[in-house]
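Descriptive analysis of the structure
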Amino acid sequence: MKKTTFLLLLLTSYFSSMAQLPPGSAAPDFTATDINGNTHTLSEYLNQGKTVILDISATWCGPCWNYHNGKALDNIYNAYGANGSNEVVVLFVEGDPSTTLADLQGTGNNTRGDWTADTSYPIIDSAAIGDLYQIGYFPTVYRICPDGIVTEIGPLTAPNIRASINTSCGTLVGLQNHAELIESVNYFCSTNGAPIAKFKNYGTNSITSGTIGLKKDGVLVATKSFTGSTTQFSTRNIPFDALDFDPEAEYTFEFQTINNAAVSASDFSVEPTELKSATNILPEITLNIYTDNYPTEMTWRIKNSTGTIVASGGPYAGSPNGGGADANTVISQSLTLGASNCYSIELLDSYGDGWSIGTLDQKGLEIVQNGETVVFIDGSNFTSTLSRPNQVTTYALSVEDPIAESFGLLPNPSNGLVTFYSKEAADILISDLQGKVVFNAKDFAANASLDLSSLQSGVYITTITTEKSTTTQKLVIK
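I will try to describe carefully the structure that is included in this document.

Analysis parameters
- Residues numbered from 1 in each chain as written.
- Predicted model: local features only at pLDDT ≥ 70, side-chain atom pairs only at ≥ 80, totals over all residues.
- Heavy atoms only, no water.
- Phe/Tyr/Trp six-rings, centres within 6.5 Å; stacked < 30°, edge-to-face > 60°.
- Helix = DSSP H or I, 4+ residues; strand = E, 2+ residues; numbered from the N terminus.
- Buried < 20%, exposed > 50% of the residue type's maximum accessible area, 1.4 Å probe, protein only.
- Pairing = 2+ DSSP bridges.
- Axes fitted to C-alpha atoms, helices over the stretch in contact; angles between N-to-C directions.

1. A short note on the packing of aromatic side chains
In total, this model carries 13 aromatic pairs according to the counting rule given. Ring centres of Trp65 and Trp115 lie 5.0 Å apart, and the angle between their planes is 70°; on these two criteria the pair is classed as edge-to-face. Note that Trp65 is positioned in helix 3 (residues 62-69) and Trp115 in the loop between helix 5 (101-104) and strand 6 (123-125), a separation of 50 residues in sequence. Three or more aromatic residues joined by ring pairs form one cluster here, namely Phe30, Tyr133 and Tyr142.

Written as structure tokens, this is what we have:
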């Protein structure tokens, strides 16, 4: 049970004196400013012939959070709102007078997470609108037709909202070939992998074919054509062929055709993506878990490249009503991962609101090595499961090939605090891509630490020389 129960009891008492607007009522007009400083007047939207969907919620409300993360209103806005055919206005209203902007942004103490993240439609912080519309509970979702008649429709799915508008407010026209590439991060165990482009169809036509391009620093490096039906509001993954990539380069996906029609450059045809290789680390790590106020709901697991769970933790000690020994604290433990493997990480929450409510500035899972954060996975903005594939690879000594595999600077990429992982001392020379030497040491001790944090972010060339041989390796400073 979350603290929502107590707050809901208080608000039920508060709302008990208020009568819900009866179906078929005239919508009370309002003018309000959203959190980005834009003004919204209901009567102006209705005079333009637009239907308005009004979601009145509270940042602490679990059902509100789940509905928000279901993206039904995002789907309607991107299909029929300003990002689409511009026939519908979607407004989110924070209706609890006790909440703050920090709660909306996920940094307050009375919130389920960041309500602004990936939210395309306007957000208004106004308890006055909640009072004006006489809401009795959160969330309350209203449909207001252009004739000014307001009807509570509840937290419907996007197809059902579309049907509700078509039945009562006039048929929506929409756009035909209208899809959005979804921003994504592709993690791989090395600097070679098959990127995946993701898109959602917001158009009235099913997408049965198309071509997507991948650009590196603005230059087209790969294309992928696809077929198969993707209906409105559905999402599809398009895997490209494997390629070598530069983790420091800027990559974008863009539609080239949809349903055999050319697509012009727009916000819906070009989307940045990140192609990242796993951080190479030593097998011995320190794991820090930053808990929220409900540690009994929190678990995590680490999987190797075959999907086998090699480490897990939680749930932690606490009260079902919040608080307890492991609440709002950092739980540390030492782990040894298997050598020469690639690992994925999952965060789980049994209640379904992520690791979101607590007093710590951050909530999530951290891998630390040599005093440096190698990986931090933010747990404050997911529902039941957060999966992060191919986060780290582990280094291993090799007796057969001591030059190629038995030494290096780790972790890599790094924030600059590294360890010279080796069986023997060596000469180390580090230069930038222009050939300028930034570090030079003779007979540098094996397994000694090296502080390169003063270097600018970028790619450096490391030359390591032993009595037997010389090898060159790339070092990435984040």
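2. As for unusual backbone geometry
A negative phi angle characterises most non-glycine residues, just as the trans form characterises most peptide bonds. Put simply, Gly314 and Pro315 share a cis peptide bond, and its omega is -5°. By the secondary structure assignment, Pro315 is in the loop between strand 23 (309-313) and strand 24 (330-336). That bond from Asn412 to Pro413 is cis: its omega, 5°, falls within 30 degrees of zero. Backbone geometry places Asn86, a non-glycine residue, at a positive phi of 65°. As for its position among the elements, Asn86 is in the loop between helix 4 (72-80) and strand 5 (88-94). Residue Asn86 is classed as partly exposed on the basis of its relative accessible area, which comes to 39%.

3. Notes on the sheet that holds strand 35 (residues 470-477)
The strand order 32-31-34-35 describes an open sheet built from four strands, whose pairing is antiparallel. Whereas interior strands pair on both sides, the edge strands pair on one side only; in this sheet they are strand 32 (437-444) and strand 35. Averaged over all neighbouring strand pairs, the angle between strand axes comes to 20°, with direction disregarded. The pairing of strand 31 (residues 426-432) with strand 34 (residues 458-465) spans six bridges and is antiparallel. Within strand 34, the residue paired with Ser431 across the bridge is Ile461.

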